[in-house]
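Below are the chains, spelled out letter by letter.
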Amino acid sequence: MNSKPNHQESNQKSDQQGVVFIVDDDEALRDSLRWLLESVGMKVETHDSAHSFLQSYYPGQSGCLLLDVRMPGMNGLELQAQLESRDVRLPVVIITGHGDVSMAVRALKAGALDFIEKPFDDELLLTSIQHALSLDVEQRKNRATQAEILARLAQLTRREHQVMELVTIGKANKQIASELNVSAKTVEAHRAHVMEKMQAKSLAELVRMSMLASGGG
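Rules behind the numbers
Residues numbered from 1 in each chain as written. Predicted model: local features only at pLDDT ≥ 70, side-chain atom pairs only at ≥ 80, totals over all residues. Heavy atoms only, no water. Axes fitted to C-alpha atoms, helices over the stretch in contact; angles between N-to-C directions. Helix = DSSP H or I, 4+ residues; strand = E, 2+ residues; numbered from the N terminus. Parallel < 35°, antiparallel > 145°, perpendicular 65-115°, else oblique. Left-handed = near helix turned anticlockwise from the far one by under 90°. Contact = heavy atoms within 4.5 Å. Nonpolar A, V, L, I, M, F, W, Y, C, P; charged D, E, K, R; others polar. Core = buried A, V, L, I, M, F, W, Y, C linked by side-chain atoms within 4.5 Å. Buried < 20%, exposed > 50% of the residue type's maximum accessible area, 1.4 Å probe, protein only. 1 Å grid on protein atoms, 1.4 Å probe; cavity = no way out; pocket = protein on both sides within 12 Å on 5 of 7 lines; lining within 4 Å. Points joined across faces, edges and corners; volume = space filled by probe spheres on them. Pairing = 2+ DSSP bridges. pLDDT = per-residue confidence, 0-100. Arc of directions from axis to C-beta. Salt bridge = Lys/Arg side-chain N within 4 Å of Asp/Glu carboxyl O.

Tell me what's going on with the packing of helix 7 (residues 158-167) against helix 8 (residues 173-180), and back it up with residues and numbers.
At a minimum axis separation of 10 Å, helix 7 and helix 8 run at an interaxial angle of 135°. Relative to helix 8, the element helix 7 is oriented oblique. Here the hand of the crossing between helix 7 and helix 8 comes out right-handed. Contacts between helix 7 and helix 8 involve Arg-159, Gln-162, Val-163, Leu-166 and Val-167 on the former and, on the latter, Ile-176, Glu-179 and Leu-180. In terms of residue class, the contact of helix 7 with helix 8 is built from five nonpolar, one polar and two charged.

How would you explain the nonpolar core if you had to name every residue and give the values?
With 23 residues, the main nonpolar core has Phe-53, Leu-65, Leu-67, Leu-79 and Ile-94 as its most contacted residues. Elements that contribute at least two residues to this core include exactly strand 1 (19-23), helix 3 (50-56), strand 3 (63-68), helix 4 (76-85), strand 4 (92-96) and helix 5 (101-109). Contacts of Leu-67, omitting those with residues within four sequence positions, involve Val-23, Gly-76, Leu-79, Gln-80, Val-92, Val-93, Ile-94 and Ile-95.

Before we move on, can you summarise the layout of surface pockets with the specific residues and values?
Considering only enclosed or pocket space, the largest pocket measures out at about 330 Å³ in volume. In this structure, the largest pocket is lined by 16 residues; those nearest its centre are Val-88, Arg-89, Leu-90, Ala-110 and Gly-111. Secondary-structure elements contributing two or more residues to the lining of the largest pocket are helix 4 and helix 6 (122-153). Within the lining of the largest pocket, the residues separate by chemical class into nine nonpolar, three polar and four charged.

Describe the sheet that holds strand 2 (residues 43-47), with residues and values.
Overall, parallel pairing links the five strands, which are arranged 2-1-3-4-5 in an open sheet. With one partner strand each, in any of the chains shown, strand 2 and strand 5 (114-117) form the two edges of the open sheet. With strand direction ignored, the average angle separating the axes of adjacent strands in the sheet is 20°. Where strand 1 meets strand 2, five bridges bridge the pair, whose relative direction is parallel. Counterpart to Val-19 in the pairing with strand 2 is Lys-43.

Outline the confidence of the model for the protein, supporting the account with residue identities and numerical values.
Summary statistics for the protein give a mean pLDDT of 87 and a share of 90% for residues scoring 70 or more. A low-confidence stretch, residues 1-15 stays under pLDDT 50, and its non-local contacts, those more than four residues away or across chains, total 31 contacts.

Run through helix 7, naming residues and quoting values.
Those residues of helix 7 that fall on the buried side of the exposure criterion are Glu-160, Val-163, Met-164, Leu-166 and Val-167. On an axial view of helix 7, the arc spanned by its buried residues comes to 165°, and they lie on one face. Facing away from the buried side of helix 7, by more than 90 degrees, are the exposed residues Arg-158 and Glu-165. On the buried face of helix 7, the contacting elements are helix 6, helix 8, helix 9 (184-198) and helix 10 (203-213).

An account of the pattern of salt bridges is needed here, citing residue identities and associated values.
Counting across every chain of the model gives seven salt bridges. Close ionic contact of Glu-148 with Arg-152 constitutes a salt bridge, the shortest N to O distance being 2.3 Å. Of this pair, Glu-148 and Arg-152 both sit in helix 6, separated by four residues, roughly a single helical turn. Classification of Arg-152 by relative accessible area gives buried; the value is 11%. With a shortest N-O distance of 2.8 Å, Lys-171 and Glu-179 are connected by a salt bridge. Classification of Lys-171 by relative accessible area gives partly exposed; the value is 26%. Taking relative accessible area as the criterion, Glu-179 reaches 48% and is therefore assigned partly exposed.

Listed below in structure tokens is the structure:
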């Protein structure tokens, strides 16, 4: 490892960004990584195996996973698959030796954010981890927003759902009235109820909500 880096931004953000979970069977490397990350104010938890991590991790913990791709027992790719099956969405940064690059590429295709080759460049590693932590914060905010929007959608009547769907794909009130075989005034009333229940201040905001609720945006 190189000398202690100066990452003030990491110090400022670490309290909000959760834990860096290090999973690697190399004790010396785990200790070195812990020292490096804690030296810039990051919270760290280390595990010597995928099984150990799965045993201790509880759903909802925030942070990211710094994962060795080649370990005895369950390897990094297998742990990734386990996390996906459990709907754990921690951003993953893969640690790999030169001989494991093909496995690291497979990990990327399976959803890993980045892979870092040994020996590490400290600044590169810290930048990658900070990116993963920031991504976790962003994704959690998006999921919370999505849950709130879905709760609002659940308050809509069947007809209001129909009107919202047609409004958000660009249909005018007259077109919606014709399609649903109701009056334009009825459409206007339903549209007003939709905007109120969804707490949307504009059509553009309603469209964004519709996209986020369906997993887009």
